[in-house]
Amino acid sequence: MKGYLRSDGRKGIRNVIVVTYLVECAHHVARTIVNKADDSAVQLIGFPGCYPNDYSLKIVKQLCTHPNVGGVVLLSLGCEGFNREALAKTVTDSGRPIETLVIQESGGTLSTIEAGLAAVDKMKAQIADVAMVDMSVDELVVGTICGGSDGTSGISANPAVGRCFDMLVEQDAVCMFEETGELIGCEQIMAERAATPELGEEIMRSVAKAEDYYRAMGYGSFAPGNAEGGLTTQEEKSMGAYAKSGASKIHGLIKPGDLAPQGGLYLMDVVPDGDPKFGFPNISDNAEITEMIASGSHVILFTTGRGSVVGSAISPVIKVCANPETYQKLEGDMDVNAGKIVEGKASVDEVGSEIFELVKQVAAGQESKSEALGHQECLITYKQFEAIGPACLPVRQIGS
Amino acid sequence: MMNDKRFVLLSDEDNVLVCCGKVAAGEKVIVEQQEVEMATEITVGHKIARTPLEVGEKIIKYGAPIGSTVKPVGFAEHVHIHNMKSDYMASYTRQAKVGE
């Protein structure tokens with residue numbers, strides 16, 4: 001496995017240029033640049049809102065300096081609240097090439113598209129010779145999410161990803177699982193796996209916060225398709241989702257955009273702090289995927305029972321299908337058929353090893369299905385967070 | 001009598017079984033060493049009762065409580081939003097909230 005060496009010491013498994021719009025008003029121009037560039041390594045990300053927000057600034061900064069990113073083109077309308085100067089400085093300080101285009105100062109739609117295409121072309125040449133160096137499993141960051149869960153998720157795909165996570169953590173990779181709203185009902189058993197009692201208390205608090213937040217929203221993290229697929233309650237869905245975390249100790253709790261300080265298993269607390277303010281914590285699966293990528297994930301393991309087709313900008317998404325009937329219907333979108341477990345044709349361990357091998361292959365450059373199909377979703381909303389407390393990142397003892 | 005392999009017990013403490021292969025309404029199957037005629041179709045991922053259940057009983061799956069019954073449930077009957085609810089928060093379908 002080889003990686004693109006970045007100035008902060010992190011290594012990327014892809015070398016993409018992100019064309020980044022900083023308000024919805026610049027979205028069309030940015031999208032047109034990406035479409036005309038017609039290169040899978042030139043990708044669209046962005047934030048739609050006009051109001052400033054610390055969280056969204058942090059997420060976009062982390063995406064633009066993600067190890068899989070080689071260069072950045074910013075698209076601003078000109079009058080929006082996004083702090084484009086602070087973002088540009090962060091990217092420049094990281095040693096990456098960056099070009100900021102302000103539509104109001106660049107002659108409007110057509111000439112900004114032209115300038116954007118020229119910037120992309122120039123940047124492609126600039127990043128073509130980034131040093132590739134040896135990279136090992138202990139430098140990988142892997143996130144997991146489930147979407148379109150059903151009654152098979154918790155017995156096949158999720159525990160298989162859990163086994164893969166155990167193997168990755170054993171080799172000192174960073175692994176993260178998330179969505180505390182989908183861990184309601186598991187807080188006690190999860191807290192018992194924390195590396196320290198104080199971290200266990202932080203985990204309990206994060207789930208209690210999620211329960212309050214979702215109650216205020218009027219809906220749990222539970223979709224109609226979950227019920228059609230045999231899941232009856234939030235806590236039943238949670239128990240299945242929780243299996244993705246495997247059996248390792250939990251070494252820390254991070255929030256979106258935070259980087260894990262060392263190898264281990266981390267819970268990402270994605271539910272905003274303070275009084276519920278900006279709506280649902282994550283409006284759909286890609287918001288969570290984007291957050292895990294902002295926290296450095298090179299690869300995302302996405303388990304699904306009903307069948308999701310999404311991918312992501314920046315980092316490849318690997319689909320693990322829990323339900324054998326769904327696999328039949330959507331085989332072209334699925335990387336791994338964990339439905340074999342439901343049919344009694346493979347064990348959880350076997351599929352876990354299959355996922356582990358695939359993670360290494362995708363990290364070495366092989367395209368995942370969603371990547372090859374051109375899925376490059378990205379979704380950032382408004383949120384607010386306080387910094388994590390001192391108990392959230394206990395120092396991990398080697399071998400624990 | 002061999003139990004039907006389409007219904008799987010995940011944990012010894014559980015009082016539900018998970019369906020891993022579709023079973024038709026009216027089909028005669030062996031569950032917990034007893035022959036029973038299925039009242040309704042059961043599709044993959046859904047649950048049936050391993051024992052008869054009273055109102056208010058905890059449903060145990062993966063060895064953990066996942067909600068409570070709101071109606072009595074017969075042996076091998078489908079356990080879902082029509083007869084159980086969350087102990088935390090309501091679920092919902094496209095048409096309605098359930099288990100409030």
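Residues numbered from 1 in each chain as written. Chains lettered and ligands numbered in written order. Predicted model: local features only at pLDDT ≥ 70, side-chain atom pairs only at ≥ 80, totals over all residues. Heavy atoms only, no water.

Let's talk about the overall build of chain A
Alright, step 1. Helix and strand counts for chain A come out as 14 helices and 14 strands.
Alright, step 2. Expected size for 400 residues packed as a compact globule is a radius of gyration near 21 Å; at 20 Å, chain A falls within 12% of this value.
Alright, step 3. For chain A, the spread of C-alpha atoms along the three principal axes comes to 60 × 45 × 45 Å.
Alright, step 4. Across the 400 residues that make up chain A, the buried fraction comes to 60%.
Alright, step 5. Residue pairs in contact within chain A that sit at least 24 positions apart in sequence constitute 76% of those at least 6 positions apart.
Alright, step 6. When the accessible surface of chain A is summed, it comes to about 14,400 Å², and 51% of that surface belongs to carbon and sulfur atoms.
Alright, step 7. Of note, chain A has its 33 positive side-chain charges centred 3 Å away from the centre of its 53 negative side-chain charges. (Helix = DSSP H or I, 4+ residues; strand = E, 2+ residues; numbered from the N terminus. Rg over C-alpha atoms; globule rule 2.2 N^0.38 Å. Buried < 20%, exposed > 50% of the residue type's maximum accessible area, 1.4 Å probe, protein only. Contact = heavy atoms within 4.5 Å. Areas by Shrake-Rupley, 256 points an atom, 1.4 Å probe, with all protein chains shown as cover. Lys, Arg positive; Asp, Glu negative; His and termini not counted. Charge placed at Lys NZ, Arg CZ, Asp CG, Glu CD.)

Concerning the overall build of chain B
Alright, step 1. Helix and strand content of chain B: 0 helices and 11 strands.
Alright, step 2. Computed over its C-alpha atoms, the radius of gyration of chain B comes to 13 Å, within 12% of the 13 Å expected for a compact globule of 100 residues.
Alright, step 3. In terms of overall dimensions, chain B has a C-alpha envelope of 40 × 30 × 20 Å along the principal axes.
Alright, step 4. Looking at chain B residue by residue over its 100 residues, the buried ones come to 47%.
Alright, step 5. Put simply, 43% of the contacts in chain B that link residues at least 6 apart link residues at least 24 apart.
Alright, step 6. Summed over its atoms, the accessible surface of chain B is roughly 5,000 Å², and 51% of this surface lies on carbon and sulfur atoms.

Thoughts on the nonpolar core
Residues and elements named next belong to chain A.
Alright, step 1. Counting residues in each nonpolar core, the largest one holds 99 residues, and the members touching the most others are Leu-87, Leu-168, Met-190, Leu-301 and Ile-355.
Alright, step 2. Take this core: its biggest share by element is 8 residues, from helix H13 (residues 348-363).
Alright, step 3. Shared between two domains, this core takes at least three residues from each, and those domains are domain 1 (2-133) and domain 2 (137-392).
Alright, step 4. Beyond its immediate chain neighbours, meaning those up to four positions away, Leu-87 contacts Leu-22, Leu-57, Val-60, Lys-61, Cys-64, Leu-74 and Phe-82.
Alright, step 5. Among the nonpolar cores identified, the runner-up in size contains 22 residues, and Val-19, Ile-33, Val-42 and Ala-119 belong to it. (Core = buried A, V, L, I, M, F, W, Y, C linked by side-chain atoms within 4.5 Å. Domains from an automatic or database assignment.)

Side note on the pairing of strand S2 (residues 16-19) of chain B
Residues and elements named next belong to chain B.
Alright, step 1. Burial along S2 is two-sided: Val-16 and Val-18 facing one way and Leu-17 and Cys-19 facing the other are all buried.
Alright, step 2. Where strand S1 (residues 7-8) meets S2, 2 bridges bridge the pair, whose relative direction is antiparallel. Note on S2: the bridge partner recorded for Val-8 is Val-18.
Alright, step 3. Bridge count for S2 against strand S5 (residues 47-49) is 3 bridges, and the pairing is antiparallel. Counted as the bridge partner of Leu-17 is Ile-48 from S5. (Pairing = 2+ DSSP bridges.)

Points about the sheet that holds strand S13 (residues 317-321) of chain A
Residues and elements named next belong to chain A.
Alright, step 1. Strands sit in the order S10-S11-S9-S8-S12-S13-S14 across an open sheet of 7 strands; the sheet is parallel. Across the chains shown, the open sheet's two edge strands, defined by having one partner strand only, are strand S10 (252-254) and strand S14 (336-337).
Alright, step 2. Across 2 bridges, the pairing between S13 and S14 is parallel. The partner of Val-320 across the bridge, within S14, is Val-336.
Alright, step 3. Packed on one face of the sheet, helix H10 (residues 285-294) meets strand S8 (141-146), strand S9 (174-177), strand S11 (264-268), strand S12 (299-304) and S13 and runs near 165° to S8. (Axes fitted to C-alpha atoms, helices over the stretch in contact; angles between N-to-C directions.)

Considering helix H1 (residues 27-37) of chain A
Residue and element names in this part refer to chain A.
Alright, step 1. When we look at burial in H1, the residues that qualify are His-27, Val-29, Ala-30, Thr-32, Ile-33, Val-34 and Ala-37.
Alright, step 2. Packing partners of the buried residues in H1 comprise strand S3 (16-21), strand S4 (42-46), strand S5 (69-76) and helix H4 (109-127).
Alright, step 3. Asp-38 sits one or two positions beyond H1 and adopts a positive phi of about 50°.

Focus: the pattern of salt bridges
When the charged atoms of two side chains lie near each other, side chains of opposite charge can form a pair.
Residue and element names in this part refer to chain A.
Alright, step 1. Under the counting rule described, the total for this entry stands at 27 salt bridges over all chains.
Alright, step 2. Between Arg-215 and Glu-211 there is a salt bridge whose closest N-O contact spans 2.4 Å. Of this pair, Arg-215 and Glu-211 both sit in helix H7 (residues 197-217), 4 residues apart, which is roughly one turn of the helix.
Alright, step 3. In this structure Glu-211 comes out as buried when scored by relative accessible area, which is 18%.
Alright, step 4. Where Asp-273 meets Lys-255, a salt bridge forms, and the shortest distance between an N and an O atom there is 2.7 Å. Separated by 18 residues along the polypeptide, Asp-273 in the loop between S11 and H10 and Lys-255 in the loop between S10 and S11 bring together distant segments of the chain. Each member of the pair, Asp-273 as well as Lys-255, is classed as buried.
Alright, step 5. Three or more residues are tied together by salt bridges with common partners; here these are Lys-209, Lys-255, Asp-269 and Asp-273. (Salt bridge = Lys/Arg side-chain N within 4 Å of Asp/Glu carboxyl O.)

Some remarks on the domain arrangement of chain A
Residue and element names in this part refer to chain A.
Alright, step 1. In terms of domain boundaries, chain A breaks down into domain 1 (2-133) and domain 2 (137-392).
Alright, step 2. Of note, the centres of domain 1 and domain 2, computed from C-alpha atoms alone, are 27 Å apart.
Alright, step 3. Contacts between domain 1 and domain 2 engage 32 residues on the former and 32 residues on the latter.
Alright, step 4. When domain 1 packs against domain 2, close to 2,400 Å² is buried across both sides, 56% of that on carbon and sulfur atoms. (Buried area = accessible area lost by both parts, 1.4 Å probe.)

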